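# Structural features, examined
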Amino acid sequence: MSKSYPHVNEENAPEASKALMKESIKRLGFLPKAHEVFAISPAFYDSYLSMYRNFVGNTSLTPKEQNVVFVTASTQNACEYCMNIHAFGAEASGLSKQEVKDILADQPLSDQKLEVLRQTVSSLLLNHGQLTNESKQAFFESGFTHEQLLEVLLGIGSKVMSNYANLLAESKPEREYS
């Protein structure tokens with residue numbers, strides 16, 4: 001029998017995580033259950049938030065492209081919690097419900113540039129960071145830059161952290177995407 005993974009709140013979290021929790025509540029309007037797990041380790045929580053903030057706030061990828069990275073990575077990592085939460089965010093960023101469903105089902109997107117991005121994220125994860133020359137060429141010919149390829153890695157890195165933590169904690173979706 002496995003013991004359930006602990007969660008913390010603003011009262012019993014490590015002191016260094018309390019300010020980070022307040023920041024999350026201010027930014028999101030609530031504290032996601034995943035953050036109750038992340039906050040167990042202030043170093044993990046701070047690192048995750050830094051990567052996430054940099055990816056969504058300081059990259060040249062559009063919000064739609066950022067969400068293709070998030071949903072694709074969560075799908076490839078089989079993190080149901082993150083798949084669901086990012087599906088909602090993806091629609092808010094301008095992706096259609098059908099595009100989100102296609103990403104969740106690992107199906108091609110009709111938008112060629114977004115499809116190349118989806119394939120790139122999948123390939124990077126499935127091939128441990130390696131891309132074929134053909135995949136790199138397709139990425140760059142679609143209009144993406146070398147800077148953006150590194151930015152994709154930043155997004156994947158933040159998703160690996162949160163996906164794996166949620167898988168370890170067996171986090172369940174807070175609400176279902178349908």
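Here the structure is a predicted model, which is why all the values come from computation and not from measurement.

So, on to the nonpolar core. Residues Y45, L117, V121 and V152 are the most contacted members of the largest nonpolar core, which totals 42 residues. Here this core takes 6 residues from helix α7 (residues 112-126), the largest share from any one element. In contact with L117, not counting residues within four places along its chain, are E65, V68, V69, F139, F144 and V152.

A few words now on α7. Between the first and last C-alpha of α7 there are 21 Å, a value that for 15 residues agrees with the 21 Å anticipated at 1.5 Å per step. Of all the residues in α7, the buried ones are L114, E115, V116, L117, R118, T120, V121, S122, L124 and L125. In this structure, the buried side of α7 is in contact with α4 (63-76), α6 (97-104), α8 (133-141) and α9 (146-169). The first or second residue beyond α7 is H128, which carries a positive phi of 55°.

The subject of this paragraph is a nonpolar patch on the surface. On the surface, Y5, I40 and L168 cluster together into a nonpolar patch covering about 280 Å² of accessible area. Counting through the fold element by element, I40 comes out in the loop between α2 (33-38) and α3 (42-58). Its relative accessible area of 32% is what places I40 among the partly exposed residues.

What follows covers the pattern of salt bridges. The final tally for this structure, using the stated rule, is 6 salt bridges. Between K113 and E65 there is a salt bridge, and its shortest N-O distance comes to 3.7 Å. With K113 in helix α7 and E65 in helix α4, this residue pair connects regions lying 48 residues apart in the sequence. Residue classification places K113 among the partly exposed residues on the basis of a relative accessible area of 30%. Relative accessible area serves as the criterion here: at 6%, E65 is assigned to the buried category.

For an α-helix, the turn length of 3.6 residues means that residues three or four places apart are oriented alike. For α9, spanning 24 residues, the distance from its first C-alpha to its last is 35 Å, which sits close to the expected 34 Å at 1.5 Å a residue. Note on α9: the residue one or two positions beyond its end, E170, has a positive phi of about 55°.

Here we take up the packing of aromatic side chains. Applying the stated rule across the entire model yields 8 aromatic pairs. In this arrangement the basic side chain of K113 is found over the ring face of F144, its NZ or CZ atom lying 4.6 Å from the centre. Sitting over the face of the ring of F70, K159 holds its NZ or CZ atom 5.5 Å from the ring centroid.

Attention now goes to unusual backbone geometry. Its identity as a non-glycine residue notwithstanding, A78 has a phi of 55°, on the positive side. Along the polypeptide, A78 turns up in the loop between α4 and α5 (80-92). Of note, the phi angle at D106 is positive, near 55°, even though the residue is not glycine. Secondary-structure assignment places D106 in the loop between α6 and α7. Look at D106 and you get partly exposed, because its relative accessible area is 39%.

Turning our attention to the layout of surface pockets. In this structure, the largest pocket encloses a volume near 540 Å³. Lining the largest pocket are 28 residues, and of these L28, P32, Y52, I85 and H86 lie nearest its centre. Those elements that place two or more of their residues in the lining of the largest pocket are α1 (15-28), α2, α3, α4, α5 and α9. A per-element tally of the lining of the largest pocket places α5 first, with 8 residues. Among the residues making up the lining of the largest pocket, the classes are represented as 16 nonpolar, 8 polar and 4 charged.

Conventions and cut-offs
- Residues numbered from 1 in each chain as written.
- Predicted model: local features only at pLDDT ≥ 70, side-chain atom pairs only at ≥ 80, totals over all residues.
- Heavy atoms only, no water.
- Core = buried A, V, L, I, M, F, W, Y, C linked by side-chain atoms within 4.5 Å.
- Buried < 20%, exposed > 50% of the residue type's maximum accessible area, 1.4 Å probe, protein only.
- Helix = DSSP H or I, 4+ residues; strand = E, 2+ residues; numbered from the N terminus.
- Contact = heavy atoms within 4.5 Å.
- Expected span 1.5 Å × (residues − 1).
- Patch = residues over 30% accessible without salt bridge, like charges linked within 9 Å, V, L, I, M, F, W, Y side chains within 5 Å.
- Areas by Shrake-Rupley, 256 points an atom, 1.4 Å probe, with all protein chains shown as cover.
- Salt bridge = Lys/Arg side-chain N within 4 Å of Asp/Glu carboxyl O.
- Phe/Tyr/Trp six-rings, centres within 6.5 Å; stacked < 30°, edge-to-face > 60°.
- Lys NZ or Arg CZ within 6 Å of the ring centre and 35° of its normal.
- 1 Å grid on protein atoms, 1.4 Å probe; cavity = no way out; pocket = protein on both sides within 12 Å on 5 of 7 lines; lining within 4 Å.
- Points joined across faces, edges and corners; volume = space filled by probe spheres on them.
- Nonpolar A, V, L, I, M, F, W, Y, C, P; charged D, E, K, R; others polar.

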